[in-house]
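Structure assessment
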Amino acid sequence: MSIQIRRAVKEDCARLLELVKELALYEKAPQEVTVTIEHFEESGFGKNPVWWAFVAEEDGLILGFALYYIRYSTWKGQRMYLEDILVTESARGKGIGKLLMDQLIVEAKERKLNGIVWQVLEWNEPAINFYKKYNASFDPEWVNCSIAV
């Protein structure tokens, strides 16, 4: 197995969106993915990109990705927000998630960010166990909030 980790390019967007939909299905919310491919591409590769990603590729096929953006904390400063990390089901257990997470850590350090933050569903034990390998801290005090506009 020769997995390559590289920065995502615009041509990867269709495959990334397929993987986003795979993640949504796993998270029991496939109907929640409403972003169009045009919006997805523009948001990552337009004039003012708001997200960046790394992909894990083998023999030209993207098997996983990690997509992030920069958020600002008035307490901590600039931090990486990991929006999604996913390895397609058939490729799990091969260390691809670790390769992606390790690349995110390198990226955060190179950008001089003050940490990486993300959310994980409380029932997603495989993901929680993965994050525990990085000594991640889990904060049960905060409640997620959102407003659709």
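No experiment lies behind these values; they were computed from the predicted model shown.

1. Here's the deal with the nonpolar core
Soluble, globular proteins show a tendency: their nonpolar side chains are buried together. With 21 residues, the main nonpolar core has Met80, Leu82, Ile85, Ile96, Leu100 and Leu104 as its most contacted residues. Those elements giving two or more residues to this core turn out to be β2 (52-58), β3 (61-73), β4 (77-87), α3 (96-110) and α4 (125-132). Among all residues touching Leu100, those that are not within four sequence positions of it are Ile5, Phe54, Val55, Ala56, Gly64, Phe65, Ala66, Ile85, Leu86 and Val87. One finds Leu19, Leu23, Ala53 and Phe65 within the second-largest nonpolar core, a separate group that totals 15 residues.

2. What about helix α1 (residues 13-26)?
In an α-helix, one turn spans 3.6 residues; hence positions three or four apart end up facing the same way. Its 14 residues give α1 an end-to-end C-alpha distance of 20 Å, which sits within 8% of 20 Å, the value for a rise of 1.5 Å per residue. Regarding α1, the residues found buried are Cys13, Leu16, Leu17, Leu19, Val20, Leu23 and Ala24. All buried residues of α1 fall inside an arc of 160 degrees around its axis, so they share one side. For α1, the elements touching its buried residues are α2 (37-45), β2, β3 and β4.

3. Re the pairing of β4
Within β4, nine of the 11 residues are buried, which leaves it mostly tucked inside the rest of the structure. A loop of three residues connects β3 with β4, the two strands running antiparallel in sequence. Examined bridge by bridge, β4 and strand β5 (residues 116-117) share two bridges and lie parallel to one another. Each residue of the ladder has a partner; that of Met80, found in β5, is Ile116. Regarding topology, α3 serves as the crossover connection from β4 to the parallel β5, and that connection is right-handed.

4. Observations concerning unusual backbone geometry
For residues besides glycine, phi is generally negative; the peptide bonds are generally trans as well. A positive phi angle, near 60 degrees, is found at Lys112, a position not held by glycine. Topologically, Lys112 is positioned in the loop between α3 and β5. Judged by its relative accessible area of 68%, Lys112 is exposed. Backbone geometry places Asn135, a non-glycine residue, at a positive phi of 60 degrees. As for its placement among the helices and strands, Asn135 is situated in the segment after α4. Overall, Asn135 belongs to the exposed group, its relative accessible area being 71%.

5. As for the sheet that holds β4
Here five strands make up an open sheet; going across it, the order is β1-β2-β3-β4-β5 and the pairing mixed. Each of the sheet's edge strands pairs with one partner strand only, and the pair in question is β1 (4-7) and β5. Of the strand pairs in this sheet, β1 and β2 are connected by four bridges, and their pairing is antiparallel. When the bridges of β2 are listed, Arg7 appears paired with Phe54. Contacting β2, β3 and β4, α1 crosses the sheet at an angle of about 80 degrees to β3.

6. Describing the pairing of β2
The element β2 is extensively covered by neighbouring structure, given that five of its seven residues are classed as buried. As defined by bridge partners, β2 adjoins β3 across seven bridges and the pair is classed as antiparallel. Bridging across to β3, Val55 finds its partner in Phe65.

Calculation criteria
Residues numbered from 1 in each chain as written. Predicted model: local features only at pLDDT ≥ 70, side-chain atom pairs only at ≥ 80, totals over all residues. Heavy atoms only, no water. Core = buried A, V, L, I, M, F, W, Y, C linked by side-chain atoms within 4.5 Å. Buried < 20%, exposed > 50% of the residue type's maximum accessible area, 1.4 Å probe, protein only. Helix = DSSP H or I, 4+ residues; strand = E, 2+ residues; numbered from the N terminus. Contact = heavy atoms within 4.5 Å. Expected span 1.5 Å × (residues − 1). Arc of directions from axis to C-beta. Pairing = 2+ DSSP bridges. Right-handed = clockwise from strand over helix to strand, strands pointing away. Axes fitted to C-alpha atoms, helices over the stretch in contact; angles between N-to-C directions.

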